[in-house]
There are 2 protein chains.
Amino acid sequence: MTRVAVDAMGGDRGPETIIEGLMDALSSREFEALVVGDGKTITPLLNRHGSHSDVQVVHAQQVVGSHEAPGQAVRKKADSSIGIGVRLQKEGRADAFVSAGNTGAIMAFSLLTLGRLKGVNRPAVAAFFPTKKGFSLVLDVGANSDCKALNLLQFALMGSIYLSYTFDKERPEVALLSMGEEDTKGNDLTLAAHDLLKSTEMINFVGNIEGSRILDGVADVVICDGFVGNAILKFGESIVEYVSEAIKESVNSGLKAKLGALMLRSSFQKLVGRMSYEEYGGAPLLGIDGVSFICHGKSRAKAIRSALHSTCDYVEGRVNEHIREQLRELSY
Amino acid sequence: MTRVAVDAMGGDRGPETIIEGLMDALSSREFEALVVGDGKTITPLLNRHGSHSDVQVVHAQQVVGSHEAPGQAVRKKADSSIGIGVRLQKEGRADAFVSAGNTGAIMAFSLLTLGRLKGVNRPAVAAFFPTKKGFSLVLDVGANSDCKALNLLQFALMGSIYLSYTFDKERPEVALLSMGEEDTKGNDLTLAAHDLLKSTEMINFVGNIEGSRILDGVADVVICDGFVGNAILKFGESIVEYVSEAIKESVNSGLKAKLGALMLRSSFQKLVGRMSYEEYGGAPLLGIDGVSFICHGKSRAKAIRSALHSTCDYVEGRVNEHIREQLRELSY
């Protein structure tokens, strides 16, 4: 049975939400959970849900704050829920780690403790972007601020393998985020990456796309460097938030609007749900020699549940083995 | 009186919209307009609005398509409305050019025909992003796919001067778009640019911001390379469009929602208006030895009107002279 370490202390909504999500996940799928965090806080929360033979508490006396510098966390907080949660894999006690905590710290601990998969130059953080057709996996969204073409090629391969073995996508379509859709457009990095992607048969490369096309869902995987990916992810999230707030504001602002609000509420919720980056739970740090799933800090129980199921899919789909094998075949 | 050449053939909504915007602009501000485009199309449209002594038609027998490659346009369409519109400045017949046409072609013709302002290494395209506090000017959003730190410094200076002399902003606050807000975070480019911006007294540098903070309006000017700027601009626009469509869809989807729709319509329109990148009309190509304002292809008459007024502000505020002077003072 897959053994997943869960960071009970991560996320803006506190341990209750994490544990609620975990219990929900366990009710529809079999896996073993190691709940990492402050024992005194977690145990009573778990007890509320009755006893569960597949759940075990692992005490962690430290917590990494959501704004703490990752470097400092790594130096001073080895016994945090993130530090221990990641380490459980190294100790052979867990197959994966899931956290809605400090993204930088999860990356730093994962890299330091688990290292890279053989053949991977740079691990990448993936994120699911909702599209008109479903979703696209965008990577890197923040692990690498400067990239080389070879890194982008590896991102393309890792993203494709992930979708193949956990979402049953056959030969996922890969697009390169660029400036201009023509082959000859872009910056130095994307021009070089374009050629590399095009000449690599293992990748189902469909060409360049501009930022405006991401939401059209023209590709299953969208590749970019971490700086650009981070900028569009964060800017995009802020727009969605802004729109949600503006809708609320509009609804509260006048009598006419207020009257309509009740009637439109269900439509709103559907809309915001569709745009929400929580929908797909977490996304993996691809390329590390282990499994770390990163959830949004604002994750609700439903997102945690999805992330836990995705994590089991990842482990059971043996994604890392496939990455290792296929990278060996790449001649670069 | 300021003489503005207007591209009647640019924009997705056709010459009628451009001319409607022009007439509207002329009704509240004095300037001379040279309307460039197909005479046979334009003259009857102008006549509908009665005679106007400040309007003159300049015939152009070619039109640059919205998806035409800029390089090809420059080679084969010197007598297009964009080609001629830009050239009127070189011939001393106009002080500025406004177009909602092919952005790449406007840039290419402007650079080729007018050249750069003395001291400017790379001209940049600016765009107004709506924020919670009003707007921020973001640049570059597409002229330069690869930048050096010095380019970003010049963008910061040009953006500041533009806002100072046309929007009466005293010492506009400048932020650098980066990954992480700490001084030590970012990619090679932003790390170098950060140091340069910090040590340049002429710029009111407030530090790094992440993509998530742009809409908060934390700075008047936000600096980035053209690749990143292009990606966030286009991705952002597509989200706004997506949300607008989804709202429409929701409204049309069910009886309950339909009932509320009429009541909420005014709120929706306010919301979409606030998020619309048309609100501020056009934005200048900063750093060329002339004045070219680029409007969104989807501009309505109101946006064309705003753009024409902004163009007059730019000319009358002698922005280019100030850029030239202040660049001379920069010791880099």
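Everything that follows concerns the structure shown earlier in this document.
S.K.: Help me understand the overall build of chain A, please; the structure alone is not making it clear to me.
M.R.: The secondary structure content of chain A amounts to eleven helices and eleven strands. Looking at chain A as a whole, 60% of its 332 residues are labelled buried. Put simply, of all contacts in chain A between residues at least 6 apart along the chain, 71% involve residues at least 24 apart. Of the roughly 13500 Å² that chain A leaves accessible, carbon and sulfur atoms contribute 47%.

S.K.: Would you explain the packing of aromatic side chains in this entry?
M.R.: In this description, an aromatic ring pair is defined by two values, namely the gap between the centres and the angle between the planes. In this structure the tally under the stated criterion is 18 aromatic pairs over all chains. Pairing Phe293(A) with Tyr314(A) gives two aromatic rings, centres 5.7 Å apart and planes at 85°, and the pair type is edge-to-face. Taken together, the residues Phe293(A) in strand E11 (residues 292-294) and Tyr314(A) in helix H10 (residues 301-316) connect sequence positions 21 residues apart. The exposure class of Phe293(A) is buried, given its relative accessible area of 0%. Overall, Tyr314(A) belongs to the buried group, its relative accessible area being 2%. Aromatic side chains Tyr162(B) and Phe293(B) sit 6.4 Å apart centroid to centroid with 65° between the ring planes, which places their arrangement in the edge-to-face category.

S.K.: I would appreciate a short explanation of the pattern of salt bridges in the present structure.
M.R.: Any two side chains of opposite charge can pair, on the condition that their charged atoms come close. Residue and element names in this part refer to chain A. On inspection of all chains with the given rule, the structure shows 36 salt bridges over all chains. In this structure, the salt-bridge partner of Arg-29 is Asp-313, at a minimum N-O distance of 2.7 Å. Residue Arg-29 is found in the loop between helix H1 (14-28) and strand E2 (32-37), and its partner Asp-313 is found in helix H10; the two are separated by 284 residues along the sequence. According to the relative accessible area criterion, Asp-313 is partly exposed, its value standing at 26%. A salt bridge links Glu-182 to Lys-185; the shortest N-O distance between them is 3.6 Å. The class of Lys-185 is partly exposed, set by a relative accessible area of 32%. The network of salt bridges with shared partners includes Asp-79, Arg-87, Glu-91 and Arg-93.

S.K.: Would you mind going over the sheet that holds strand E7 (residues 173-177) of chain B with me for this structure?
M.R.: Strands pair in a sheet through their backbones, by hydrogen bonds, and they do so in one of two ways: parallel or antiparallel. Residues and elements named next belong to chain B. Ordered in space as E3-E2-E1-E4-E11-E10-E5-E6-E9-E7-E8, the eleven strands form an open sheet in which the pairing is mixed. The open sheet has two free edges, formed respectively by strand E3 (55-59) and strand E8 (204-209), since each of these has just one partner strand. Across this sheet, the average inter-strand angle for adjacent strands is 30°, counted without regard to direction. Of the strand pairs in this sheet, E7 and strand E9 (residues 221-223) are connected by three bridges, and their pairing is parallel. Bridge pairing links Val-174 to Val-221 in E9. The strands touched by helix H1 (residues 15-28) within the sheet are strand E1 (3-7), strand E2 (32-37) and E3, with E1 carrying the most contacts at an inclination of about 160°.

S.K.: Can you help me understand the side chain of Asp54(A) in this one?
M.R.: Residues and elements named next belong to chain A. By secondary structure assignment, the location of Asp-54 is in the loop between helix H2 (39-48) and strand E3 (55-59). There is no salt bridge for the buried Asp-54, and the closest opposite charge comes from Arg-3, which lies 11 Å off by N-O distance. When residues no more than four places from it in sequence are discounted, the contact partners of Asp-54 are Met-1, Phe-31, Glu-32 and Ala-33.

S.K.: What's the story with helix H4 (residues 81-90) of chain A in this structure? I'm lost.
M.R.: Given 3.6 residues per turn, any residue in an α-helix points the same way as the ones three and four places further on. Residues and elements named next belong to chain A. Here H4 lies mainly inside the structure; eight of its ten residues are buried. Buried residues of H4: Ser-81, Ile-82, Gly-83, Ile-84, Gly-85, Val-86, Leu-88 and Gln-89, and no others. Where H4 is buried, its residues touch strand E1 (3-7), E2, E3, strand E4 (96-99), helix H5 (103-114) and E11. Following H4 by one or two positions, Gly-92 adopts a phi angle in the positive range, close to 75°.

S.K.: What's the story with the pairing of strand E5 (residues 124-131) of chain B in this structure? I'm lost.
M.R.: In regular strands, side chains alternate between the two faces of the sheet. Residues and elements named next belong to chain B. With eight of eight residues buried, E5 is to be regarded as a mostly interior element. Of the two faces of E5, the one lined by Ala-124, Ala-126, Phe-128 and Pro-130 and the one lined by Val-125, Ala-127, Phe-129 and Thr-131 are each fully buried. Strand direction decides the pairing type here: E5 and strand E10 (residues 283-286), joined by two bridges, are antiparallel. By the bridge assignment, Ala-124 is partnered in E10 with Leu-286. Bridging between E5 and strand E6 (residues 134-139) involves six bridges; their strand directions are antiparallel. Looking across to E6, one finds that Ala-127 is bridged to Val-138. In textbook terms, the turn of a hairpin is the stretch between consecutive antiparallel strands, and for E5 and E6 this stretch comprises two residues.

S.K.: Looking at this model, I keep getting lost on the packing of helix H6 (residues 149-167) of chain B against helix H11 (residues 319-329) of chain B. Mind explaining?
M.R.: Residue and element names in this part refer to chain B. Their axes nearest at 9 Å, the elements H6 and H11 cross at an angle of 135°. Taken together, the axes of H6 and H11 are oblique relative to one another. Of the two elements, H6 crosses H11, and the hand of that crossing is right-handed. From H6, Gln-154, Leu-157, Met-158, Ile-161, Tyr-162, Tyr-165 and Thr-166 reach across to H11, where they touch Val-319, His-322, Ile-323, Gln-326 and Leu-327. For the contact of H6 with H11, the per-class residue count stands at eight nonpolar, four polar and no charged.

S.K.: I tried to follow the sheet that holds E2(A) on my own but got confused; where do I start?
M.R.: Residues and elements named next belong to chain A. The eleven strands lie next to each other as E3-E2-E1-E4-E11-E10-E5-E6-E9-E7-E8, forming an open sheet whose pairing is mixed. Strands with a single pairing partner mark the edges of an open sheet, and in this sheet they are E3 and strand E8 (204-209). Strand-to-strand twist of the sheet, defined as the mean angle between neighbouring strand axes without regard to direction, takes the value 30°. Packing against the sheet, H1 makes contact with E1, E2 and E3, and its axis sits at approximately 160° to E1. Contacting E1, E4, strand E10 (283-286) and E11, H10 runs over the sheet at an angle of about 160° to E4.

Thresholds, definitions, all that
Residues numbered from 1 in each chain as written. Chains lettered and ligands numbered in written order. Predicted model: local features only at pLDDT ≥ 70, side-chain atom pairs only at ≥ 80, totals over all residues. Heavy atoms only, no water. Helix = DSSP H or I, 4+ residues; strand = E, 2+ residues; numbered from the N terminus. Buried < 20%, exposed > 50% of the residue type's maximum accessible area, 1.4 Å probe, protein only. Contact = heavy atoms within 4.5 Å. Areas by Shrake-Rupley, 256 points an atom, 1.4 Å probe, with all protein chains shown as cover. Phe/Tyr/Trp six-rings, centres within 6.5 Å; stacked < 30°, edge-to-face > 60°. Salt bridge = Lys/Arg side-chain N within 4 Å of Asp/Glu carboxyl O. Pairing = 2+ DSSP bridges. Axes fitted to C-alpha atoms, helices over the stretch in contact; angles between N-to-C directions. Lys, Arg positive; Asp, Glu negative; His and termini not counted. Parallel < 35°, antiparallel > 145°, perpendicular 65-115°, else oblique. Left-handed = near helix turned anticlockwise from the far one by under 90°. Nonpolar A, V, L, I, M, F, W, Y, C, P; charged D, E, K, R; others polar.

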